[in-house]
Amino acid sequence: GDGGGNAGPKLDGVAGRTTREYLLESVVAPNQQVVQGFESAVITLKDGQTYAGVVKSENDSELVVISPEEGDVVLKKTRIQSREKGLSGMPEGLGALLTPFELRDVIEFLGTLR
């Protein structure tokens, strides 16, 4: 019930929330779809400061980013010059490091987490 960690969503019950196809895509092409709440962003402020991290929350006036260097950073939207989508925390190329049998085993294991 904790929503996972800072790096990714909880895996308890993942098989009941998604398909094996989605799980496979998440491993071999992690930047195709990023689970809501784990989107990363690169924020540049009007004064030139840049922050990168996972978007923790957002409302009409503020954006909260979890920065690896600074923890939670609250940014006023009026100070933001640009906001770019960042990459997934899941590294690209993991599917290529696994044999087809290992990849199948990972997806099958995730498929048992109900």
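Trainee: So what exactly am I meant to see when it comes to the overall build of the protein chain here?
Mentor: Looking only at helices and strands, one finds four helices and five strands in the protein chain. For the protein chain, the C-alpha atoms occupy an extent of roughly 50 × 30 × 20 Å along the three principal directions. Out of the 114 residues belonging to the protein chain, those deemed buried represent 27%. Within the protein chain, residue pairs in contact and separated by at least 24 positions form 50% of the contacts whose partners lie at least 6 positions apart. For the protein chain, the accessible surface area stands at approximately 7,500 Å², while carbon and sulfur atoms represent 55% of it.

Trainee: What's the story with the sheet that holds strand β2 (residues 50-58) in this structure? I'm lost.
Mentor: Note: strands within a sheet are paired through backbone hydrogen bonds, in either parallel or antiparallel orientation. Taking strand neighbours across the sheet as the criterion, the five strands line up as β4-β3-β2-β1-β5 in an open arrangement whose pairing is antiparallel. Of all strands in the sheet, those bounded by a partner on one side alone are β4 (71-76) and β5 (80-85). Within the sheet, the average angular offset between the axes of one strand and its neighbour, ignoring direction, is 40°. With five bridges joining them, strand β1 (residues 40-45) and β2 adopt antiparallel strand pairing. Within the sheet, the bridge partner assigned to T44 lies in β2 and is T50.

Trainee: Which parts of the structure should I look at to understand the nonpolar core?
Mentor: Here is a general trend for soluble globular proteins: nonpolar side chains tend to be buried in one another's company. By size, the foremost hydrophobic cluster in this structure holds 10 residues: A41, I43, L45, Y51, V55, L63, V65, V73, L75 and I80. Elements represented by at least two residues in this core include exactly β1, β2, β3 (62-67) and β4. Filtering out sequence-adjacent residues up to four positions away, I43 remains in contact with Q49, T50, Y51, L63, V65, L75, I80, S82 and R83. V14, L23, V27 and I107 belong to the second largest nonpolar core, which has six residues in total.

Trainee: What is the right way to look at the pattern of salt bridges in this model?
Mentor: Should their charged atoms come close, side chains of opposite charge can pair. Overall, the coordinates contain seven salt bridges when judged by the stated rule. The salt bridge partner of D47 is R79, with a shortest N-O separation of 3.7 Å. In this pair, D47 is assigned in the loop between β1 and β2 and R79 in the loop between β4 and β5, connecting sequence segments 32 residues apart. Here R79 falls in the partly exposed class, since its relative accessible area comes to 35%. Between R83 and E58 there is a salt bridge; the shortest N-O distance is 2.8 Å. Placement of R83 in strand β5 and of E58 in strand β2 is noted, with a sequence separation of 25 residues between them. Looking at R83, the relative accessible area reads 41%, which means it is partly exposed.

Trainee: It is not clear to me how the packing of helix α2 (residues 20-28) against helix α4 (residues 100-110) should be interpreted in this structure. Could you clarify?
Mentor: The angle between the axes and the distance between the axes are what describe a pair of packed helices. Between α2 and α4, the least distance of the axes is 10 Å, while the angle of their chain directions is 130°. Classed by the angle they form, the pair α2 and α4 counts as oblique. In this structure, α2 crosses over α4, and the sense of that crossing is right-handed. Here R20, L23, L24, V27 and V28 of α2 come into contact with α4, specifically with L103, I107, E108 and L110. Classifying every residue of the contact of α2 with α4 gives seven nonpolar, no polar and two charged.

How each quantity is defined
Residues numbered from 1 in each chain as written. Predicted model: local features only at pLDDT ≥ 70, side-chain atom pairs only at ≥ 80, totals over all residues. Heavy atoms only, no water. Helix = DSSP H or I, 4+ residues; strand = E, 2+ residues; numbered from the N terminus. Buried < 20%, exposed > 50% of the residue type's maximum accessible area, 1.4 Å probe, protein only. Contact = heavy atoms within 4.5 Å. Areas by Shrake-Rupley, 256 points an atom, 1.4 Å probe, with all protein chains shown as cover. Pairing = 2+ DSSP bridges. Axes fitted to C-alpha atoms, helices over the stretch in contact; angles between N-to-C directions. Core = buried A, V, L, I, M, F, W, Y, C linked by side-chain atoms within 4.5 Å. Salt bridge = Lys/Arg side-chain N within 4 Å of Asp/Glu carboxyl O. Parallel < 35°, antiparallel > 145°, perpendicular 65-115°, else oblique. Left-handed = near helix turned anticlockwise from the far one by under 90°. Nonpolar A, V, L, I, M, F, W, Y, C, P; charged D, E, K, R; others polar.

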